[in-house]
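Each chain, letter by letter, is given below.
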Amino acid sequence: MAVNALVVGGGFREHALVRSLQRSPLVGRVVAAPGNAGIAEEAECVALSDAAAAAALARDLDALVLIGPEGPLAAGWADHLRSEGLLVCGPSRAAARLESSKADTKALMQRLGVPTARSVTVPSLADADRVLDRWSGPVVVKADGLAAGKGVIMADDPAAGRAAVRQMMEGRRFGAAADRVLLEECLEGPELSAMAITDGRRLTWLPATQDYKRLADGGQGPNTGGMGAVGPHALWTPTLADWLSYQVFEPILAELAREGRPFQGVLYAGLMMTPDGPRVLEWNARLGDPEAAVALALVTDDLAPYWVGAANGELPHRPLASAGAAVAVVMAAAGYPERSEPGAPVTYGPLGDGVVMLHAGTRRLADGRVVSGGGRTLAAVASAADAAQARQRAYAEVAGVQFPGMMVRADIAAEYCHS
Ligand code: AMP
Ligand code: GLY
């Protein structure tokens, strides 16, 4: 099996994917679209405007296409590529609705008895007000559709919840993504990102990771796309894996197949490990970012047969082997997540052992300087025998980064390092 690969996207996730593919003796050429300044050091990057252009390039390259971000999935790129007879790792638009409609997915989970936070979906401001009139305590307000990881507002009380609903529904901050809004009970506990590669029937677990969603230390500040990650997750056990396989992932996969929208790609459940047991908070139709950086650093097997297997319906039966620990520390541009301030120049020196510097959205200017595209920009990803050493290595790298206005959390993986 020799295969070329076209990786769609330009985040940390795609940078990690490119590096992982390049380590495989089974993979020939690796091309990224659009990629970023970091990926461009290691692989060819091209601009692609739409699914038709992606199909033409994939045919030219005779490449397996791996679609990283939710945008192209929700826009039906995988459908188009498959209809042209190409091999694609990534779900159809209909299967990706698992991520792109939180309201429909909540209803699906309720139908299948998947443990999830209790919630009400409301179609209007008036309905939201009626529900919140009877609400007490904190409320989580969620836009139904895609909002780049920012469509979830944690409100301390019903009044703040009302303000959040107004901002979404009246302020049109998220456009049509907030035509429906979910009002959800606020759960507490550590979070766990469970990701599996699937061909629509079988699944293989990637190492479980913990994402740090909030902007500031101690889990304060607004939700972001993720400010860091660590793995393997301290709470991942064979029992949890079995429970998730049999009670959660397989029923969801079977239901999607039954509905005529089989899921091929990476299926990701965001869990909260509450005192009453695990609850599924969200589904993503793709690898998490930055979770992918950590998960792929932990895997010691060649992933190429799994990506091909997910695409052609023949996922290998063997579970993936992994070793050690990995930590990713994200550096974001000033203003994130509210505003995006592109243009800050970023530099860093030679990297230490076991560390890679992943890029997201960076560009190289004509004068050779690399600048941030705004938002999350760099991630120092370190591997080591244990999380404490990986953490120390990752932060040692962060200390050497020059990046005006950069925002970085100081407590990524801190709770993994006490023993
Ligand atoms: P979601 O996009 O639904 O995963 O939400 C993003 C983040 O918001 C999650 O990773 C949690 O940190 C937080 N969150 C979402 N739903 C809840 C909930 N019901 N209770 C507490 N935190 C939540
Ligand atoms: N880091 C969370 C996500 O990729 O959705």
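Rules used in this analysis
Residues numbered from 1 in each chain as written. Chains lettered and ligands numbered in written order. Predicted model: local features only at pLDDT ≥ 70, side-chain atom pairs only at ≥ 80, totals over all residues. Heavy atoms only, no water. Helix = DSSP H or I, 4+ residues; strand = E, 2+ residues; numbered from the N terminus. Polar contact = N/O pair within 3.5 Å; in protein donor to acceptor, adjacent residues only side chain to side chain. Contact = heavy atoms within 4.5 Å. 1 Å grid on protein atoms, 1.4 Å probe; cavity = no way out; pocket = protein on both sides within 12 Å on 5 of 7 lines; lining within 4 Å. Points joined across faces, edges and corners; volume = space filled by probe spheres on them. Nonpolar A, V, L, I, M, F, W, Y, C, P; charged D, E, K, R; others polar. Expected span 1.5 Å × (residues − 1). Buried < 20%, exposed > 50% of the residue type's maximum accessible area, 1.4 Å probe, protein only. Salt bridge = Lys/Arg side-chain N within 4 Å of Asp/Glu carboxyl O. Phe/Tyr/Trp six-rings, centres within 6.5 Å; stacked < 30°, edge-to-face > 60°. Axes fitted to C-alpha atoms, helices over the stretch in contact; angles between N-to-C directions. Parallel < 35°, antiparallel > 145°, perpendicular 65-115°, else oblique. Left-handed = near helix turned anticlockwise from the far one by under 90°. Near = heavy atom within 4 Å. Areas by Shrake-Rupley, 256 points an atom, 1.4 Å probe, with all protein chains shown as cover.

S.K.: Mind showing me how you'd approach the side chain of Ser24 here?
M.R.: The residue Ser24 is located in the loop between helix 1 (12–23) and strand 2 (27–34) in this model. For Ser24, the side chain forms a polar contact with the main-chain nitrogen of Leu26, separated by 3.0 Å. Ignoring sequence-local partners within four residues, the contact set of Ser24 consists of Asp302 and Ala304.

S.K.: Explain the layout of surface pockets to me, please; I cannot follow it from the model alone.
M.R.: Where empty space is left becomes clear once a probe the size of a water molecule has been rolled over the atoms. Considered as a void within the structure, the second largest pocket measures approximately 380 Å³ in volume. In terms of lining, the second largest pocket is formed by 19 residues, of which the most central are Leu203, Thr204, Trp205, Pro319 and Leu320. Counting residues per element, the ones that place at least two in the lining of the second largest pocket are strand 11 (203–205) and helix 10 (238–258). Considered class by class, the residues forming the lining of the second largest pocket number twelve nonpolar, four polar and three charged.

S.K.: Hey, could you run me through helix 1 in this one?
M.R.: Since the α-helix packs 3.6 residues into each turn, any two residues three or four apart lie on the same face. Compared with an ideal rise of 1.5 Å per residue, which puts twelve residues at 16 Å, helix 1 spans 17 Å between its outermost C-alpha atoms and is within 8% of the ideal. Among the twelve residues that make up helix 1, nine are buried, leaving the element largely enclosed by the rest of the structure. The set of residues buried in helix 1 consists of Phe12, Arg13, Glu14, His15, Ala16, Leu17, Val18, Ser20 and Leu21.

S.K.: Help me understand the pattern of salt bridges, please; the structure alone is not making it clear to me.
M.R.: Pairing of side chains with opposite charge becomes possible as their charged atoms draw close. As enumerated under the stated definition, the model contains 30 salt bridges in all. The partner of Arg19 in a salt bridge is Glu42, and the shortest N-O contact between them spans 3.1 Å. Here the residue Arg19 occupies a position in helix 1, and Glu42 occupies one in the loop between helix 2 (37–40) and strand 3 (44–45), the gap between them amounting to 23 residues. As a salt-bridge pair, Arg318 and Asp301 come within 3.7 Å of each other at their nearest N and O atoms. Here Arg318 is found in the loop between helix 12 (304–312) and strand 18 (325–332), whereas its partner Asp301 is found in the loop between helix 11 (291–298) and helix 12, with 17 residues between them in sequence. Using a relative accessible area of 23% as the deciding quantity, one classes Asp301 as partly exposed. Taken together, the shared-partner salt bridges connect Arg111, Glu255, Arg258, Glu259 and Arg261 into one network.

S.K.: Which parts of the structure should I look at to understand the packing of aromatic side chains?
M.R.: Two descriptors summarise a pair of aromatic rings, namely the distance from one centre to the other and the angle between the planes of the rings. Across all of its chains, the model carries three aromatic pairs by this definition. Here the aromatic rings of Trp205 and Trp236 are separated by 5.2 Å at their centres, their planes lie at 75°, and the arrangement is edge-to-face. Separated by 31 residues along the polypeptide, Trp205 in strand 11 and Trp236 in the loop between strand 15 (228–231) and helix 10 bring together distant segments of the chain. Three or more aromatic residues link up through ring pairs in this structure, and these residues are Trp205, Trp236, Phe249 and Trp283.

S.K.: Quick question: what am I supposed to make of the packing of helix 1 against helix 11 here?
M.R.: The geometry of a pair of packed helices is captured by two quantities: the angle between their axes and the separation between those axes. For the pair helix 1 and helix 11, interaxial distance at closest approach is 8 Å and the crossing angle is 20°. Classified by the interaxial angle, the pair formed by helix 1 and helix 11 is roughly parallel. The two elements helix 1 and helix 11 meet at a crossing, and its hand is left-handed. Contact with helix 1, carried on its side by Arg13, Ala16, Leu17, Ser20 and Arg23, involves Ala292, Ala293 and Leu296 of helix 11 and no other residues of that element. Across the contact of helix 1 with helix 11, the residue classes break down as five nonpolar, one polar and two charged.

S.K.: Which parts of the structure should I look at to understand the site of ligand 2?
M.R.: Around ligand 2, the structure places Asp211, Lys213, Gly225, Tyr268, Asn284, Arg286, Gly288, Asp289, Pro290 and Glu291. Take Gly225: an N or O atom from its main chain is 2.7 Å from a nitrogen atom of ligand 2. At 2.8 Å from a nitrogen atom of ligand 2 is found a side-chain nitrogen or oxygen belonging to Glu291. Considering ligand 2 on its own, with 200 Å² of exposed area, one finds that the protein chains cover 91% of that surface. For the shell around ligand 2, the class distribution of residues is two nonpolar, three polar and five charged.

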